[in-house]
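Residues per chain, in single letters:
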Amino acid sequence: MSAAGTTVRFGYGTNGFANHRLEDALAVIADLGYEGVALTLDHHHLDPFAEDLPRRTEALAARLDRLGLGVVVETGARYLLDPWHKHAPTLLDDEPALRLDFLRRAVRIAADLGAEAVSFWAGVRPAAVPRERAWDRLVRGCAEVVAAADAAGVRLGFEPEPGMLVETIDEWFTLRGRLGAPGCFGLTLDIGHLRCVEPRPVADCVAVAGPHIVNVQIDDMRRGVHEHLEFGTGEIEFPPALRALAEAGYGGLTAVELPRHSHAAPTVARDSLAFLTAARAAAEALGSTREAEEVPQ
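Residues numbered from 1 in each chain as written. Predicted model: local features only at pLDDT ≥ 70, side-chain atom pairs only at ≥ 80, totals over all residues. Heavy atoms only, no water.

Novice: Can you tell me about the packing of helix H2 (residues 53-67) against helix H3 (residues 97-113), naming the residues and giving the values?
Specialist: In the contact formed by H2 and H3, the axes pass within 9 Å of each other and the chain directions differ by 40 degrees. The angle between the axes of H2 and H3 places the two elements in the oblique class. The two elements H2 and H3 meet at a crossing, and its hand is right-handed. Packed against H2, whose contacting residues are Leu-53, Thr-57, Leu-60, Ala-61 and Leu-64, the element H3 presents Ile-109, Asp-112 and Leu-113 at the interface. Within the contact of H2 with H3, the residues separate by chemical class into 6 nonpolar, 1 polar and 1 charged. (Axes fitted to C-alpha atoms, helices over the stretch in contact; angles between N-to-C directions. Helix = DSSP H or I, 4+ residues; strand = E, 2+ residues; numbered from the N terminus. Parallel < 35°, antiparallel > 145°, perpendicular 65-115°, else oblique. Left-handed = near helix turned anticlockwise from the far one by under 90°. Contact = heavy atoms within 4.5 Å. Nonpolar A, V, L, I, M, F, W, Y, C, P; charged D, E, K, R; others polar.)

Here's what the structure looks like:
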């Protein structure tokens, strides 16, 4: 698929291999034919707080190279920072220092791995924090992460997430504007989230976001329900979505995001790639049909 000189490259998220050792998960992902991996930094895979982190990161970079896998760094570990509270603290909390430290560490790891992007999100607004104060905190925190990413030469992919302070593409544009539109500040687009919360069709959302996309997560989903589903069990038409990615000129990883399917990871990963490969072929056929219709008779 090369509408704009790009090819959709499929990856798989390690948060869907939570019961595997990282080295085993990478081997399975590569053996299945994926071209990359979305690496969630976590205590049981690559722990960003490990004392021997530089050695582990160097070894991981070499392994990824041997396996021929591209990589993006994901920061959505559930209990890495607080064993009692999921995803806490966030940039919206009274004390965001631990989250900021984690994100700076993620940027350094991404630089050492040669990662394509670091993905992160806003967090859920605490009930006691007024919305505008939450936005101020988010802008202030993101500005610190942007400074770290600029210094390291790393791209950031900020992800709109259902239920969080920034959950739509339009809100991402608002955040980008309040940050002054820094060059390293891109967009992580979850295809499932588009169906869940966006008013526009999925393919139209991709077209609107296209120039700013630096990372894509892919899964099936239903309108109004934030549940990552296996492909073919939700409501998304994938060939138009994949075609829109190609037409937008996006050449980064499009990684499967099924964090609740670790119990059957190899099977789910195999079936997901078969589905997406067929959808990509259908998208190519869709593009060929459109191009034929546009040729003057």
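Novice: How would you explain the pattern of salt bridges if you had to name every residue and give the values?
Specialist: Counting across every chain of the model gives 15 salt bridges. For Arg-56, the salt bridge is made with Asp-52, and the minimal N-O distance between the two is 2.9 Å. Residue classification places Arg-56 among the partly exposed residues on the basis of a relative accessible area of 32%. Beyond isolated ion pairs, a larger network of salt bridges with shared partners links Asp-52, Arg-55 and Arg-56. (Salt bridge = Lys/Arg side-chain N within 4 Å of Asp/Glu carboxyl O. Buried < 20%, exposed > 50% of the residue type's maximum accessible area, 1.4 Å probe, protein only.)

Novice: Please give an account of the pairing of strand S7 (residues 213-218) that cites residues and values.
Specialist: When you tally the buried positions in S7, you get 6 out of 6 residues, the bulk of the element. Sheet topology places strand S6 (residues 185-190) next to S7; 4 bridges connect them, and they run parallel. Bridged to Thr-188 within S7 is Asn-215. Where S7 meets strand S10 (residues 253-256), 3 bridges bridge the pair, whose relative direction is parallel. Each bridged residue has a counterpart across the sheet, and for Val-216 the counterpart in S10 is Thr-254. (Pairing = 2+ DSSP bridges.)

Novice: If you had to explain the environment of Leu-273 to someone new, which residues and values would you point to?
Specialist: Residue position: Leu-273 is located in helix H9 (residues 265-294). Look at Leu-273 and you get buried, because its relative accessible area is 12%. Taking the C-alpha atoms as reference points, Leu-273 and Arg-9, separated by 264 residues in sequence, lie 11 Å from one another. With sequence-adjacent residues up to four places away left out, Leu-273 is seen in contact with Phe-10, Leu-32, Gly-33 and Tyr-34.

Novice: Tell me about H3, and please be specific about residues and values.
Specialist: Compared with an ideal rise of 1.5 Å per residue, which puts 17 residues at 24 Å, H3 spans 24 Å between its outermost C-alpha atoms and is within 8% of the ideal. Buried residues of H3: Arg-99, Leu-100, Phe-102, Leu-103, Ala-106, Val-107, Ile-109, Ala-110 and Leu-113, and no others. Those residues of H3 that are buried are in contact with strand S2 (36-40), H2, strand S3 (70-74), strand S4 (118-120), helix H4 (131-152) and strand S5 (156-158). Note on H3: the residue one or two positions beyond its end, Gly-114, has a positive phi of about 70 degrees. (Expected span 1.5 Å × (residues − 1).)

Novice: Mind laying out the nonpolar core, listing which residues take part and the relevant values?
Specialist: Grouped together as the largest cluster of nonpolar side chains are 85 residues, with contacts concentrated most on Leu-138, Leu-156, Phe-158 and Leu-175. Discounting chain neighbours no more than four positions away, the residues touching Leu-175 are Trp-135, Leu-138, Val-139, Cys-142, Phe-158, Val-166 and Phe-185. (Core = buried A, V, L, I, M, F, W, Y, C linked by side-chain atoms within 4.5 Å.)

Novice: Outline the confidence of the model for the protein, supporting the account with residue identities and numerical values.
Specialist: Any segment with low pLDDT has predicted coordinates that should not be analysed in fine detail. Of the residues in the protein, 94% reach a pLDDT of 70 or more, and the chain-wide mean stands at 95. Mean pLDDT in the protein bottoms out at H9, which sits at 85, and peaks at S5, which reaches 99. The low-confidence segment residues 1-5 (pLDDT under 50) makes 15 contacts with residues lying over four places distant or belonging to another chain. (pLDDT = per-residue confidence, 0-100.)

Novice: Run through helix H7 (residues 202-209), naming residues and quoting values.
Specialist: Among the residues of H7, those classed as buried are Val-202, Cys-205, Val-206 and Ala-209. Summarising the axial view, the buried residues of H7 lie within an arc of 100 degrees, below the 170-degree limit, and thus occupy one face. For H7, the secondary structure elements touched by its buried residues are helix H5 (169-178), S6, helix H6 (191-197), S7 and helix H8 (238-247). (Arc of directions from axis to C-beta.)

Novice: I'd like to hear about the environment of Ala-128, residue by residue, with values.
Specialist: Along the chain, the position of Ala-128 falls in the loop between S4 and H4. Each C-alpha atom of the pair Ala-128 and Asp-93 lies 9.8 Å from the other, and the pair is 35 residues apart in sequence.

Novice: Go over the packing of aromatic side chains with me, naming the residues and quoting the values.
Specialist: Considering all chains together, one arrives at 10 aromatic pairs under this definition. When the centroid spacing of 5.3 Å and the interplanar angle of 75 degrees are considered together, the rings of Phe-231 and Phe-238 count as edge-to-face. Each of the two residues, Phe-231 as well as Phe-238, counts as buried. On the accessibility criterion, Phe-238 (2% relative accessible area) is buried. (Phe/Tyr/Trp six-rings, centres within 6.5 Å; stacked < 30°, edge-to-face > 60°.)

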